[in-house]
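# Inside the fold
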Amino acid sequence: MSSQEIPEENLPAGQDTAHGAVKVADDPFADPGLPPHKPRIQDIDERAARRSERAVAFMFTLSMLATIGFIASYVIFPVDKIVYIWPFGRVSALNFALGWTLGLALFFIGAGAVHWARTLMSDVEIADERHPIAADPETKAKVMSDFAAGAAESGMGRRKLIRNTMFGALSLVPLSGIVLLRDMGPLPEKKLRTTMWAKGLQLINMNTHEPLRPEDVAVGSLTFAMPEGLSEHDHDFQVEIAKAALMIVRIQPEDIKDKRELEWSHEGIVAFSKICTHVGCPISLYEQQTHHVLCPCHQSTFDLSDGARVIFGPAGHALPQLRIGVNDKGFLEALGDFDEPVGPSFWERG
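Residues numbered from 1 in each chain as written. Predicted model: local features only at pLDDT ≥ 70, side-chain atom pairs only at ≥ 80, totals over all residues. Heavy atoms only, no water.

Below, the discussion takes up the overall build of the chain. Along its length, the chain carries 7 helices and 13 strands. For the chain, the residues scored as buried account for 35% of the 350 residues in total. Look at the contacts in the chain between residues 6 or more apart in sequence, and 60% of them connect residues 24 or more apart. Surface summary for the chain: the accessible area is close to 21,900 Å², and the carbon and sulfur share equals 59%. (Helix = DSSP H or I, 4+ residues; strand = E, 2+ residues; numbered from the N terminus. Buried < 20%, exposed > 50% of the residue type's maximum accessible area, 1.4 Å probe, protein only. Contact = heavy atoms within 4.5 Å. Areas by Shrake-Rupley, 256 points an atom, 1.4 Å probe, with all protein chains shown as cover.)

Here is the structure:
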């Protein structure tokens, strides 16, 4: 069918059908423009605006309380406390409290911000023509003007209740992150500086679990000991033995070169930490002719006849010595703790 056969009423408006020619409209996709703005109740009723303001402030306040609850949970709930909560079942009380309080703190900040934007901030739509990326001075001035107008319309300066509670909520929420960083592990305090050894504790043979007498330690032998009162069934046995493991050898007194080592020994029996001062491996290889002990991990070598000083390998310092003696029952006993931290160096050793 040709254009001459198309009924005139079916042709698009604005087209000229003279002489059988069809003329396309100047702008078939004209911009319809923005719909008319409909004011909200908060725009025309100050009491409604006040109610919205109080609602937003209430949400920000709830966020602050939830953040405080998050921090308080660390103090209130033990790590190992398990509770039954329907429908979740048996859960960790600490994890449950932390999850809910932090979730509520973030939710109420978001909900408050959304309610503020939807009810109190300006909702007038503004259309701007696209412009080059490099703004000219007039555009920059307009942007700053629009920003100032937006700040004024947001009510930040006028609605102090919202502003103050929002700042409070945003200031408290980061504290949750600080608490989480604190929970990465227990603070070492002075746990790395001390061991179980104390004056009067007997030296217990780790193989026989019996107290050691001087005659039990032969010249050239290597014996391992632990403090009296420590049992392999204790829940903290691995933690304590990692610091308190003891290595005992007997050397002829005339072969001991270090004066303090001789004073801290008993009839040539010397006790040194079994923990290597490089990365904390247990030392177990002893050469009785040279009185050298070798760490099997990285071959650090210590001379037990000369204050257990390092003679080879990457270890940074000598093995700590434990001062020993004999009690009234004839058993070997400690006369105190090590005079320095055992094992590898650490940043706060000082």
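Inspection of the entire model under this criterion finds 1 disulfide. Disulfide partner of Cys281: Cys297, at an S-S distance of 2.2 Å. One quick way to see it: the torsion about the S-S bond of Cys281 and Cys297 is about -105°, and its sign makes the bridge left-handed. Placement of Cys281 in the loop between β6 (269-273) and β7 (285-287) and of Cys297 in the loop between β8 (292-294) and β9 (301-303) is noted, with a sequence separation of 16 residues between them. With no disulfide partner, Cys276 has as its closest neighbouring cysteine sulfur the one in Cys295, 3.8 Å distant. (Disulfide = S-S within 2.5 Å.)

Of all 5 residues in strand β5 (residues 246-250), 5 are buried, a share of seventy percent or more. In β5, alternate side chains face the same way, and those of Leu246, Ile248 and Arg250 on one face and Met247 and Val249 on the other are all buried. Pairing geometry for β5 and β6, over 5 bridges, is antiparallel. Among the inter-strand pairings, Met247 is bridged to a residue of β6, identified as Phe272. (Pairing = 2+ DSSP bridges.)

Next up on the list: the UniProt feature "transmembrane region" (unreviewed entry) in the chain. Look at the UniProt record and you will see "transmembrane region" (unreviewed entry) annotated at residues 55-77, 97-117 and 161-181. Secondary structure content for residues 55-77 is 96% helix and 0% strand, and the end C-alpha separation is 32 Å. Overall, residues 97-117 shows 100% helix and 0% strand. The separation of its end C-alpha atoms is 30 Å. (UniProt positions renumbered as here; feature names shortened; annotations may be inferred.)

Attention now goes to the nonpolar core. With 18 residues, the main nonpolar core has Met247, Phe272, Ile283, Val293, Phe302, Leu304 and Leu319 as its most contacted residues. For this core, the secondary-structure elements that each account for two or more residues are β5 and β6. If we ignore the near neighbours within four places in the chain, the residues touching Leu319 are Met247, Phe272, Ser273, Ile275, Cys276, Thr277, Ile283, Val293, Phe302, Leu304, Gly307 and Ala308. (Core = buried A, V, L, I, M, F, W, Y, C linked by side-chain atoms within 4.5 Å.)

Quick look at the sheet that holds β9 now. Note: strands within a sheet are paired through backbone hydrogen bonds, in either parallel or antiparallel orientation. Reading across the sheet, the 4 strands line up as β7-β8-β9-β10 and stay open at both edges, with antiparallel pairing between neighbours. Here the strands that pair on one side only, and so sit at the sheet edges, are β7 and β10 (309-312). Strand-to-strand twist of the sheet, defined as the mean angle between neighbouring strand axes without regard to direction, takes the value 30°. (Axes fitted to C-alpha atoms, helices over the stretch in contact; angles between N-to-C directions.)

All right, on to the packing of helix α2 (residues 46-76) against helix α3 (residues 93-119) then. In the contact formed by α2 and α3, the axes pass within 8 Å of each other and the chain directions differ by 160°. By the angle class used here, α2 and α3 are roughly antiparallel. Crossing geometry of α2 relative to α3 is assigned as left-handed. Grouping the constituent residues of the contact of α2 with α3 by class yields 19 nonpolar, 9 polar and no charged. (Parallel < 35°, antiparallel > 145°, perpendicular 65-115°, else oblique. Left-handed = near helix turned anticlockwise from the far one by under 90°. Nonpolar A, V, L, I, M, F, W, Y, C, P; charged D, E, K, R; others polar.)

It is worth spelling out the pattern of salt bridges at this point. This model, assessed by the stated rule, comprises 12 salt bridges. Between Arg50 and Glu46 there is a salt bridge whose closest N-O contact spans 3.5 Å. Here Arg50 and its partner Glu46 are both found in helix α2, 4 residues apart, which amounts to about one turn of the helix. Since its relative accessible area comes to 43%, Arg50 is described here as partly exposed. The class for Glu46 is partly exposed, based on a relative accessible area of 39%. Here Asp339 makes a salt bridge to Arg260, at a shortest N to O gap of 2.7 Å. Here Asp339, found in the segment after β13 (332-334), pairs with Arg260, found in helix α7 (residues 259-263); they are 79 residues apart in sequence, far enough to count as distant. What makes Arg260 partly exposed here is its relative accessible area of 35%. The structure contains a network of salt bridges with shared partners spanning Glu46, Arg50, Glu53 and Arg159. (Salt bridge = Lys/Arg side-chain N within 4 Å of Asp/Glu carboxyl O.)

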